[in-house]
Amino acid sequence: MPDTQVSPEIVTVACLADNYAFLVHDHLSGATAVFDVPEAAPIMAALAARGWQLSDIVITHHHGDHIDGVAELRAATGAKVWGARADAHRLPPLDHALAEGDRVAIGQLVVHVIDVPGHTVGHVAYHLPAAKAVFTADSLMALGCGRLFEGSAAQMWDSLQKLAALPPDTLVCSGHEYTASNARFALTIEPDNPALISRCEEIASARAANRPTVPSILATELATNPFLRANQSGIAQRLGLDGQEPAVVFARIRSLKDSF
Ligand code: ZN
Ligand code: FE
């Protein structure tokens, strides 16, 4: 027998108007997890189309557009629900309450839990090294990051730094199709970044053909996402913040985007 390694399969499921959920299927154990449940129906359809049984429901944060389908999906599948212990009081009932540094398993796939406060204080991300993927929802997004509803800019900057330190070939599975508007904003921050300019062209043609721009590759985000690039001196200079801490530059970029 040849020594074969079957890598886990990731399926992007479009939900609601502009949300994404993701299925991760471990071929070795047969386990299947869903990351976030904006609504149950499209996820049930994606499972049925592949003949997969849902084993785990994994939640990133408490907003309705990420959890509103959990009760229905759990009732239909009996899957176990995972989410942040810190937010257990405002999440659906959890079978596994998690915190930073926890390592848990979906079938044989190891999942690392990363606290990423900023958008909400209890937001977590999930890194699956074997899938070379991180599920970031409304923390790091394609060419963007989530709005600061609960946390501070400094917290979000720290959260983004943890995600930026993952292997550059990591697939960033984020929660929304906001990329076209993020691209227009990013060009106002770095109009002369050649990697950004060509990415924006790719995004425009993807959206014109109604193709998703999520997931994206971390290396691409590092080269183009203004929220990850607040530590670039050119950006600080352009914003009149020469010599300031990256968290201060990040805060300015975030507030400019809020009113964009
Ligand atoms: Zn949210
Ligand atoms: Fe959201």
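First, a word on what this report is: a plain description of the structure on this page. (Residues numbered from 1 in each chain as written. Chains lettered and ligands numbered in written order. Predicted model: local features only at pLDDT ≥ 70, side-chain atom pairs only at ≥ 80, totals over all residues. Heavy atoms only, no water.)

### Describing the packing of aromatic side chains
Then step 1. Going through the model one piece at a time under the given rule, you end up with eight aromatic pairs.
Then step 2. On the basis of an interplanar angle of 70 degrees and a centroid distance of 5.3 Å, the ring pair of F185 and F260 is categorised as edge-to-face. Here the residue F185 occupies a position in helix α5 (residues 179-189), and F260 occupies one in the segment after α9 (246-258), the gap between them amounting to 75 residues.
Then step 3. When its relative accessible area of 1% is taken as the criterion, F185 is described as buried.
Then step 4. Note on F260: relative accessible area 51%, which makes it exposed.
Then step 5. Ring pairing ties together the aromatic residues Y20, F22, F35, Y126 and F135, which thus form one cluster. (Phe/Tyr/Trp six-rings, centres within 6.5 Å; stacked < 30°, edge-to-face > 60°. Helix = DSSP H or I, 4+ residues; strand = E, 2+ residues; numbered from the N terminus. Buried < 20%, exposed > 50% of the residue type's maximum accessible area, 1.4 Å probe, protein only.)

### A closer look at the coordination of the iron ion (ligand 2)
Then step 1. Protein coordination at the iron ion (ligand 2) comes from D65 (OD), H66 (NE2), D138 (OD) and H176 (NE2), with a distance range of 2.1 to 2.4 Å.
Then step 2. Coordination geometry of the iron ion (ligand 2): the four donor atoms subtend angles of 81 to 168 degrees at the metal centre, consistent with an arrangement described as irregular.
Then step 3. Between the donor residues of the iron ion (ligand 2), the gaps in sequence give the motif D-H-x71-D-x37-H.
Then step 4. The two metals, the iron ion (ligand 2) and the zinc ion (ligand 1), are separated by 3.1 Å and share D138 as a common coordinating residue. Residue D65 is found in helix α2 (residues 64-67), and its partner H176 is found in the loop between β13 (171-174) and α5; the two are separated by 111 residues along the sequence. (Donors = N, O, S within 2.8 Å, 3.2 Å for Na, K, Ca; no water. Tetrahedral: all angles 85-135°; square planar, octahedral: opposite > 155°, others 65-115°.)

### Points about the packing of α5 against α9
Then step 1. Put simply, α5 and α9 touch, their axes get as near as 11 Å, and they point 130 degrees apart. Regarding the angle of α5 to α9, the classification is oblique. Taken as a pair, α5 and α9 cross one another with a handedness that is right-handed. Here S181, N182, F185 and I189 of α5 lie close against α9, whose contacting residues are I253, L256 and K257.
Then step 2. Broken down by class, the residue content of the contact of α5 with α9 amounts to four nonpolar, two polar and one charged. (Axes fitted to C-alpha atoms, helices over the stretch in contact; angles between N-to-C directions. Parallel < 35°, antiparallel > 145°, perpendicular 65-115°, else oblique. Left-handed = near helix turned anticlockwise from the far one by under 90°. Contact = heavy atoms within 4.5 Å. Nonpolar A, V, L, I, M, F, W, Y, C, P; charged D, E, K, R; others polar.)

### Looking at the coordination of the zinc ion (ligand 1)
Each pair of donors in an ideal four-coordinate tetrahedral metal site encloses 109.5 degrees, whereas pairs in an ideal six-coordinate octahedral site enclose 90 or 180 degrees.
Then step 1. Ligation of the zinc ion (ligand 1) by protein atoms is provided by H61 (NE2), H63 (ND1), H119 (NE2) and D138 (OD), these donors lying 2.2 to 2.3 Å from the ion.
Then step 2. Coordination geometry of the zinc ion (ligand 1): the four donor atoms subtend angles of 84 to 173 degrees at the metal centre, consistent with an arrangement described as irregular.

### Side note on the sheet that holds strand β8 (residues 109-115)
Then step 1. Ordered in space as β7-β8-β9-β10-β13-β14, the six strands form an open sheet in which the pairing is mixed. Strands at the two margins of the open sheet, each flanked by one partner only, are β7 (103-106) and β14 (216-217). (Pairing = 2+ DSSP bridges.)

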